[in-house]
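Survey of secondary and tertiary structure
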Amino acid sequence: TTALNPSYHPPSRGTLSNTLIPSWYEVERKKIIDDLTGVSKVSLTSDGWTSITQDHHVMVTVHYVKEDKLKQNVLTTQAVYVSQTGPVVAEEIEVIQEFDNAANMEVAARQLQIRKLGCFAHTLNLAAHIPAISKWSARIRDAIVWIKRSSIVKSIFEEKQHLLGLPSHSVVLDVKTRWNSLFLMVERFVEQYPAIQAAFLDARTKRLMKRDLVIHSFGFHISIRRTSRFKLEKVTEDDLSKAEEFVIVIRILYTSTLCVSSDRHATCGQILPIFEKLEDHFSIREEDSHFVATIKEKVWSDLSKCYQVPIKTTHHHNNNSFIAGCCL
């Protein structure tokens, strides 16, 4: 700023925090209030998230249609220092009263008689996490970690990709809180399985494995264990077969998530048609293997429990003032 204008003096931290930012907030708040004038029905989405520094925040966003255009505005993003119980979340959502100009909305906000529709995309991804496949998926996860944590193994893996004519794609490691990451990890594992196994069988990798021992001392007791690289030996052709079946069965949850995940278009109307397709897809058939049947049974059990009541409610009633759920 000095180079552009030597006479300019930037505001102090106190001026920004105590004067400029609050004034800017008040201007934007009034704009939202004015824009909500005459709007009788809105949809609220609320979701919590944790920053890199492990600070928890909650955000509330309002969505509405005005002049035939779908609009959205963030009402609040605030730090949370208490457990997210129902009453606490209700208090956080009551921020809408600050932006309210309609009497019916004020009453609804005060009493929090909000018709709730759970996040469909979130429900789909929760259903994809199946305890019955935890041990099997753990073996695949170990193989991925094996490649990601060693620059030498990664180099060997990339060499095998080139020799086998496979796409130069990186392996994917799933993250529990990241939607579809389990599916994407297994899908990429299936694609790169020949290169992964070839890298494992390479003599250079075997020499590295022999040296890869970790010694842990616990008082007078000493235990020696091999790192997760050695667990790759347990990944078999049967695991590959299960991975291929898993990708075929679960892909529909991935594509359904993409269909309903939009910040520019309303997607609630897609839930019923998608749900009907899911019911058919996860019906157990005679030709299904035990592994596939187990996945189908667990996924559909979770989905049918989560959406039986909300779907019937939203299907037979069209007088909703609010729909609240977590963000898509």
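The shown structure was predicted, so the numbers you read here are calculated from the model rather than taken from an experiment.

**Remarks on the confidence of the model for the protein**
Regions with low pLDDT carry predicted coordinates that are not meant to be interpreted in detail. Taken as a whole, the protein shows an average pLDDT of 77; of its residues, 74% reach a score of 70 or greater. In the predicted structure, residues 309-328 sits below a pLDDT of 50 and forms 53 contacts with residues beyond four places in sequence or in another chain.

**Quick word on the nonpolar core**
Counting residues in hydrophobic clusters, the biggest one holds 52 residues, and the most contacted among them are Phe-246, Ile-250, Leu-253, Leu-278, Ile-295, Val-299 and Leu-303. Top element by residues in this core is helix 7 (residues 181-201). It accounts for ten residues. Not counting residues within four places of it along the chain, the set of residues in contact with Leu-253 comprises Leu-124, Ala-128, Asn-180, Leu-278, Phe-282, Val-299 and Leu-303. Membership of the second largest hydrophobic core comes to nine residues, among which are Ile-32, Leu-36, Leu-44 and Leu-75.

**Quick notes on the packing of aromatic side chains**
The geometry of an aromatic ring pair comes down to the distance between the two centres and the angle between the two planes. Under the definition given, this model contains six aromatic pairs. With a centroid separation of 5.5 Å and an interplanar angle of 55 degrees, the aromatic rings of Trp-136 and Phe-246 are classed as tilted. One end of the pair, Trp-136, is in helix 5 (residues 134-148); the other, Phe-246, is in helix 9 (residues 237-260), with 110 residues separating them in the sequence. For the pair formed by Trp-136 and Phe-246, the shared burial category is buried.

**Examining the pattern of salt bridges**
Summed over all chains, the structure comprises 15 salt bridges. Put simply, Lys-242 and Asp-238 hold a salt bridge, and the shortest N to O gap is 3.7 Å. Separated by four residues within a single helix, Lys-242 and Asp-238 lie in helix 9, roughly one turn from each other. Lys-242 gets classed as partly exposed once you look at its relative accessible area, which sits at 23%. A network of salt bridges, in which partner residues are shared, links Glu-159, Lys-160, Asp-202 and Arg-204.

**What to know about helix 6 (residues 151-164)**
Here helix 6 contains 14 residues, and its C-alpha end-to-end distance of 20 Å stays within 8% of the 20 Å for a straight helix at 1.5 Å per residue. All buried positions along helix 6 are accounted for by Val-153, Ile-156, Phe-157, Lys-160 and Gln-161. The buried residues of helix 6 all sit within an arc of 145 degrees when viewed along its axis, so they share a single face. Those residues of helix 6 that are exposed and aimed more than 90 degrees away from the buried face are Ser-151 and His-162.

**Some words on the pairing of strand 3 (residues 69-79)**
Bridge count between strand 2 (residues 56-66) and strand 3: ten bridges; the pairing is antiparallel. Its bridge partner lying in strand 3, Met-59 is registered against Thr-77. Between the antiparallel neighbours strand 2 and strand 3 lie two residues, among them Glu-67 with a positive phi of about 55 degrees.

**A word on the side chain of His-63**
Tracing the backbone through its elements, the reader meets His-63 in strand 2. A polar contact of 3.4 Å, which involves the side chain of His-63, links it to the side chain of Gln-72. Ignoring anything within four residues of it in the chain, the contact list for His-63 reads Val-42, Ser-43, Thr-45, Lys-71 and Gln-72.

Cut-offs applied
- Residues numbered from 1 in each chain as written.
- Predicted model: local features only at pLDDT ≥ 70, side-chain atom pairs only at ≥ 80, totals over all residues.
- Heavy atoms only, no water.
- pLDDT = per-residue confidence, 0-100.
- Contact = heavy atoms within 4.5 Å.
- Core = buried A, V, L, I, M, F, W, Y, C linked by side-chain atoms within 4.5 Å.
- Buried < 20%, exposed > 50% of the residue type's maximum accessible area, 1.4 Å probe, protein only.
- Helix = DSSP H or I, 4+ residues; strand = E, 2+ residues; numbered from the N terminus.
- Phe/Tyr/Trp six-rings, centres within 6.5 Å; stacked < 30°, edge-to-face > 60°.
- Salt bridge = Lys/Arg side-chain N within 4 Å of Asp/Glu carboxyl O.
- Expected span 1.5 Å × (residues − 1).
- Arc of directions from axis to C-beta.
- Pairing = 2+ DSSP bridges.
- Polar contact = N/O pair within 3.5 Å; in protein donor to acceptor, adjacent residues only side chain to side chain.

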